[in-house]
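Chain by chain, the residues run as shown.
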Amino acid sequence: MTLTVDTLIVWMNKFADKIETNKQYLSDLDTPIGDGDHGFNMDRGMKAVEEKLSTKPSEKKGKTNTQKTGKIFLKNKNNRKNY
């Protein structure tokens, strides 16, 4: 299987769906040692990634797009302005 922009978008969208489905469970796991918001933060971050990927990135800028996607996730997961 070759990793293409299309397969990466499908994978990221499926991952986002799993996070959304399990956000309460993930937050429950976080409660004993954290503040109980891990699943909700991951869901917020993945929604931003899905929004960004709704416009298909260029095949030629794979590394740059992957880095940008990661930064979008972290920025929104942590509710920060800069990354």
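Residues numbered from 1 in each chain as written. Predicted model: local features only at pLDDT ≥ 70, side-chain atom pairs only at ≥ 80, totals over all residues. Heavy atoms only, no water.

Chemist: Lay out the packing of helix 2 (residues 23–30) against helix 3 (residues 38–53) with the relevant residues and their values.
Modeler: The geometry of helix 2 relative to helix 3 is characterised by a closest axis approach of 6 Å and an angle of 135° between their N-to-C directions. As far as their axial angle goes, helix 3 and helix 2 are oblique. Across the interface between the two elements, Lys23, Gln24, Leu26, Ser27 and Asp30 of helix 2 pack against His38, Gly39, Phe40 and Asp43 of helix 3. Split by residue class, the contact of helix 2 with helix 3 holds 2 nonpolar, 4 polar and 3 charged. (Axes fitted to C-alpha atoms, helices over the stretch in contact; angles between N-to-C directions. Helix = DSSP H or I, 4+ residues; strand = E, 2+ residues; numbered from the N terminus. Parallel < 35°, antiparallel > 145°, perpendicular 65-115°, else oblique. Contact = heavy atoms within 4.5 Å. Nonpolar A, V, L, I, M, F, W, Y, C, P; charged D, E, K, R; others polar.)

Chemist: For the packing of aromatic side chains, give the residues involved together with the corresponding values.
Modeler: The description of two aromatic rings rests on the distance between their centres and on the angle between their planes. Using the criterion set out here, one finds 1 aromatic pair in the structure. Geometrically, the ring pair formed by Trp11 and Phe15 is stacked, given 5.5 Å between the ring centres and 0° between the ring planes. With Trp11 and Phe15 both in helix 1 (residues 5–21), this residue pair falls 4 residues apart, about one helical turn. The class for Phe15 is partly exposed, based on a relative accessible area of 30%. (Phe/Tyr/Trp six-rings, centres within 6.5 Å; stacked < 30°, edge-to-face > 60°. Buried < 20%, exposed > 50% of the residue type's maximum accessible area, 1.4 Å probe, protein only.)

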